[in-house]
Amino acid sequence: GAVVSQHPSRVICKSGTSVKIECRSLDFQATTMFWYRQFPKQSLMLMATSNEGSKATYEQGVEKDKFLINHASLTLSTLTVTSAHPEDSSFYICSATPGQGVLPDTQYFGPGTRLTVL
Amino acid sequence: AQSVTQPDIHITVSEGASLELRCNYSYGATPYLFWYVQSPGQGLQLLLKYFSGDTLVQGIKGFEAEFKRSQSSFNLRKPSVHWSDAAEYFCAVGVIGYSTLTFGKGTMLLVSP
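These remarks concern the structure in this document.

The rules behind the values
- Residues numbered from 1 in each chain as written.
- Chains lettered and ligands numbered in written order.
- Predicted model: local features only at pLDDT ≥ 70, side-chain atom pairs only at ≥ 80, totals over all residues.
- Heavy atoms only, no water.
- Contact = heavy atoms within 4.5 Å.
- Buried area = accessible area lost by both parts, 1.4 Å probe.
- Polar contact = N/O pair within 3.5 Å; in protein donor to acceptor, adjacent residues only side chain to side chain.
- Helix = DSSP H or I, 4+ residues; strand = E, 2+ residues; numbered from the N terminus.
- Nonpolar A, V, L, I, M, F, W, Y, C, P; charged D, E, K, R; others polar.
- Disulfide = S-S within 2.5 Å.
- Buried < 20%, exposed > 50% of the residue type's maximum accessible area, 1.4 Å probe, protein only.
- 1 Å grid on protein atoms, 1.4 Å probe; cavity = no way out; pocket = protein on both sides within 12 Å on 5 of 7 lines; lining within 4 Å.
- Points joined across faces, edges and corners; volume = space filled by probe spheres on them.
- Salt bridge = Lys/Arg side-chain N within 4 Å of Asp/Glu carboxyl O.

## Overview of the interface of chain A and chain B
Across the boundary between the two partners, chain A contributes 21 residues, which contact 23 residues of chain B. In this assembly, chain A packs against chain B so that about 1700 Å² is buried in total across both faces, 60% of it on carbon and sulfur atoms. For the interface between chain A and chain B, the tally reads five residue pairs in polar contact (both at pLDDT 80 or more). In terms of residue count, strand β4 (residues 32-38) of chain A provides more of the side of chain A that touches chain B than any other element does, four residues in total. When grouped by side-chain class, the residues that make up the side of chain A that touches chain B number eleven nonpolar, nine polar and one charged.

As structure tokens, then:
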């Protein structure tokens, strides 16, 4: 149980284009989803927290207009990197939790998406 | 604010030998503690977690961790390492009232034959 999928697993795009990454909880309802960014050989950097039906909460320094997050249903969240540039190339990982945000519930992670911007 | 320190960036262990990965946290109250493992190019898999109760927690793949409040530690252990355990290991802490986790920088485990 507690499986989270991400699509696509790998994407290459040209500079200036937008890329959408999907994160789905397959066997549970995800009240809260998280988006992380991971640079090579580094830890995870939390970008934003999203709750179903409400606006995402972005971490300090993350541009909300560049990284659009939509959590339209209890099983789907999307991250859209708008007008991508080479510096946006990274490994993006989502996670999901059935928690209500009161307790730090277990996060279940997707397999990640490798974004390369040329 | 809470923080997590994993003092070892890399650790090399011989196959069959025992393993201990260190994790220290900083937080005033009782934390919620997690260990995750990440294989190259993959997401993170939960190994075990501590919320309350018995301070020695058992996880998957033969791993265990012990919460020591006096030392602010939550070290991960395995009695006999297998080559397939080679991966990056992340310790994370959560605090009540917040859904977010704070991750350590990770420890890369290398397993030698």
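After presenting the structure, the write-up continues.
## A few points about the state of the cysteines
Throughout the structure, instances matching the rule amount to two disulfides over all chains. The disulfide partner of Cys23 of chain A is Cys94 of chain A, and the S-S distance across this bridge is 2.0 Å. Handedness here is read from the sign of the S-S torsion; for Cys23 of chain A and Cys94 of chain A, about 80 degrees, the answer is right-handed. Remark: Cys94 of chain A occurs in strand β9 (residues 90-97) and Cys23 of chain A occurs in strand β3 (residues 19-25); sequence separation between them is 71 residues. Across the pair, Cys94 of chain A and Cys23 of chain A agree in class, each one buried. Here Cys23 of chain B engages in a disulfide with Cys91 of chain B; their sulfurs sit 1.9 Å apart. Residues Cys23 of chain B and Cys91 of chain B are joined by a disulfide whose S-S torsion is about -65 degrees; by sign, that bridge is left-handed. One end of the pair, Cys23 of chain B, is in the loop between β3 (19-21) and β4 (24-26); the other, Cys91 of chain B, is in strand β10 (residues 87-94), with 68 residues separating them in the sequence. The residues Cys23 of chain B and Cys91 of chain B share a single accessibility class, namely buried. Cys13 of chain A takes part in no disulfide bond, and the closest cysteine sulfur, belonging to Cys94 of chain A, lies 18 Å away. The class for Cys13 of chain A is buried, based on a relative accessible area of 10%.

## So, the layout of surface pockets
In this structure, the largest pocket encloses a volume near 350 Å³. Around the largest pocket sit 17 residues that line it, and Lys41 of chain A together with Gln38, Pro40, Gly41 and Glu88 of chain B are the ones nearest its centre. Taken together, the elements giving at least two residues each to the lining of the largest pocket come down to β10 and β12 (107-112) of chain B. No other element matches β12 of chain B, which puts three residues into the lining of the largest pocket.

## A few points about the environment of Arg24 of chain A
Residue and element names in this part refer to chain A. The residue Arg24 is located in strand β3 in this model. When the C-alpha positions of Arg24 and Phe34 are compared, they lie 11 Å apart, and in sequence the two are ten residues distant. Beyond its immediate stretch of four places on either side in the chain, Arg24 contacts Val3, Val4, Ser5, Met33, Thr75 and Leu76. Reaching out from Arg24, the side chain makes a polar contact with the side chain of Glu22 at a distance of 3.4 Å.

## Quick word on the pattern of salt bridges
Tallied over the entire structure, the rule returns six salt bridges over all chains. Between Arg24 of chain A and Glu22 of chain A there is a salt bridge whose closest N-O contact spans 3.4 Å. The class for Arg24 of chain A is partly exposed, based on a relative accessible area of 34%. Owing to a relative accessible area of 25%, Glu22 of chain A belongs among the partly exposed residues under this scheme. Because the salt bridges share partners, they merge into one network encompassing Glu64, Glu66 and Arg77 of chain B.

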